[in-house]
Amino acid sequence: MLRLPSFTYRQPRTLAEALRMKGDAGPDAMFVAGGTDLYPNMKRRHQEPGTVISLMGIPELRKMERGNVGTCVTLSSLSTFPSFQHSAVATAARLVSTPLLRNMGTLGGNLCLDTRCNYYNQSYEWRKSIDFCMKKDGAICWVAPSSPRCWAVSSSDVAPVMVAIGAEYRLLGPQGERVVPAGRFYHNDGINYLTKQPDEILVDVRLPVPNGWDAVYHKLRRRGSFDFPVLGVAAWIRWDGKSVGDARVVLGGVASYPQEIPEAATALTGQPLTDDAIAAAAEAAYRPSKPMDNTDFELSWRKQMTRVYVKRALEELRARHQ
Ligand SMILES: Cc1cc2nc3c(=O)[nH]c(=O)nc-3n(C[C@H](O)[C@H](O)[C@H](O)COP(=O)(O)OP(=O)(O)OC[C@H]3O[C@@H](n4cnc5c(N)ncnc54)[C@H](O)[C@@H]3O)c2cc1C
Ligand code: SF4
């Protein structure tokens, strides 16, 4: 059985108190929300904070308004809130893992989720037996041994949707507050995968008014009841009558960040969403989709599925607009 290492647990009641606790404990402290990612990681010694600061007792982080969602709202609430109009966000939240994990797991934890890799998401002993890897405790990347970087995969279901719909994240740190577009919150690097500083709290997510646009999310995984995405497709369209005024297609599970595909948007914009336009966008997304051999399924099949899933997502958007 994997055991948690010992650590000090702090429970602030306000954001100011949480920041003060983090400042006092320094780099040895981490924030936790639902703990469904951090605690398993701590059991495998991926992260080893001496102090864990829970954000769950801070009321400001649990608010849920139409256009503004606190990051400690659980995925279950996000997927079932009756007047919640952002259906792609709700769909992505509902597709995360199992009901138990969605009851604990939060929006903020999902958006800050650690990147994943078959050589990393293993016990300490397993990782030690291969002399570790550069993401934690080692020097080499076992997926691409001559590579100077880590290729661990962004595996959040909700993050690609936030990038696609153009959501904004509000962060609070010792230097004050800042708001970043979701697309600028992520780096294509398996180790430094967030632009967030370790002492910044992701406070809330500002969702654009659902006005003339629609978005969908489709997910590929082995077990529909449980697994992480090995491919996620978030597609967003702003309609201009029957034509596509603007579009975004974002892939999850194929890079270290939610990967926006501008070529797919170009293939869609300024014309009706015909079969030909959809096929061109699916082809445009297929080419830069370069999954690595470090998650589930055969690599070339996952790449092929990009075409299929982009097509399905766009066809759903078209059907909803008719
Ligand atoms: C078996 C299993 C299956 C899973 N399947 C999926 C899946 O299909 N799809 C998916 O997307 N995820 C999946 N997950 C991962 C996880 O359960 C979810 O992503 C969940 O939303 C994480 O939220 P949390 O609140 O538990 O995060 P935590 O574990 O509390 O935190 C995760 C990270 O985010 C940081 N963090 C959390 N909140 C904040 C904040 N407000 N500000 C700053 N930093 C913060 C923490 O410091 C930590 O680094 C799975 C997990 C397990 C164990
Ligand atoms: S991609 Fe390479 S460095 Fe990154 S976790 Fe996997 S094996 Fe380690």
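Refer to the structure presented above.
Residues numbered from 1 in each chain as written. Chains lettered and ligands numbered in written order. Predicted model: local features only at pLDDT ≥ 70, side-chain atom pairs only at ≥ 80, totals over all residues. Heavy atoms only, no water.

K.L.:
What exactly am I supposed to notice about the overall build of the protein chain here?
P.N.:
A count of helices and strands for the protein chain gives 11 helices and 12 strands. The C-alpha atoms of the protein chain give a radius of gyration of 20 Å, which matches the 20 Å a tight globule of 322 residues would have. For the protein chain, the spread of C-alpha atoms along the principal axes amounts to about 60 × 45 × 35 Å. By residue count, 52% of the 322 residues in the protein chain fall in the buried class. (Helix = DSSP H or I, 4+ residues; strand = E, 2+ residues; numbered from the N terminus. Rg over C-alpha atoms; globule rule 2.2 N^0.38 Å. Buried < 20%, exposed > 50% of the residue type's maximum accessible area, 1.4 Å probe, protein only.)

K.L.:
Would you mind going over the pattern of salt bridges with me for this structure?
P.N.:
Close approach of charged atoms lets side chains of opposite charge pair. Taken as a whole and assessed by the stated rule, the structure comprises 17 salt bridges. Lys 135 is the salt-bridge partner of Asp 114, the closest N and O atoms lying 2.8 Å from each other. Here the residue Asp 114 occupies a position in the loop between α6 (107-111) and α7 (124-129), and Lys 135 occupies one in the loop between α7 and α8 (158-165), the gap between them amounting to 21 residues. Its relative accessible area of 4% is what places Asp 114 among the buried residues. Between Glu 200 and Arg 178 there is a salt bridge whose closest N-O contact spans 2.7 Å. Of this pair, Glu 200 sits in the loop between β7 (176-181) and β8 (201-206) while Arg 178 sits in strand β7; the two residues are 22 residues apart in sequence, bridging distant segments of the chain. (Salt bridge = Lys/Arg side-chain N within 4 Å of Asp/Glu carboxyl O.)

K.L.:
When you look at the packing of helix α10 (residues 275-286) against helix α11 (residues 299-321) in this model, what are you seeing that I'm missing?
P.N.:
Think of two packed helices as two axes; the pair is described by the angle between the axes and how far apart they sit. The contact between α10 and α11 brings their axes to 8 Å, and the two run at 145°. In this structure, α10 meets α11 at a crossing whose hand is right-handed. Contacts from Asp 275, Ile 278, Ala 281, Ala 282, Glu 283, Ala 285 and Tyr 286 of α10 reach α11 at Lys 303, Gln 304, Thr 306, Arg 307, Val 310, Lys 311, Leu 314, Glu 315 and Arg 318. Residues that form the contact of α10 with α11 fall into these classes: seven nonpolar, two polar and seven charged. (Axes fitted to C-alpha atoms, helices over the stretch in contact; angles between N-to-C directions. Left-handed = near helix turned anticlockwise from the far one by under 90°. Contact = heavy atoms within 4.5 Å. Nonpolar A, V, L, I, M, F, W, Y, C, P; charged D, E, K, R; others polar.)

K.L.:
What's the story with the site of ligand 2 in this structure? I'm lost.
P.N.:
Around ligand 2 sit Cys 117, Tyr 119, Tyr 120, Cys 133, Met 134, Lys 135, Cys 141, Trp 142, Val 143, Cys 150, Trp 151 and Ala 152, and those are all the residues in its vicinity. Classifying every residue of the shell around ligand 2 by side-chain character gives 11 nonpolar, no polar and one charged. (Near = heavy atom within 4 Å.)

K.L.:
I'm lost on the side chain of Lys 136 in this one. Help?
P.N.:
Residue position: Lys 136 is located in the loop between α7 and α8. Engagement of the side chain of Lys 136 in a polar contact is seen with the backbone oxygen of Arg 45, the distance being 2.8 Å. In this structure Lys 136 touches Arg 45, His 46, Glu 48, Tyr 120 and Arg 127, once residues within four positions along its chain are discounted. (Polar contact = N/O pair within 3.5 Å; in protein donor to acceptor, adjacent residues only side chain to side chain.)

K.L.:
Which parts of the structure should I look at to understand α8?
P.N.:
Counting along an α-helix, one turn takes 3.6 residues, and residues three or four places apart therefore face a common direction. A large share of α8 lies buried, amounting to eight of its eight residues. Along α8, the positions that sit buried rather than exposed are Val 158, Ala 159, Pro 160, Val 161, Met 162, Val 163, Ala 164 and Ile 165. Positive phi appears at Gly 166, one or two residues downstream of α8, with a value of about 75°.

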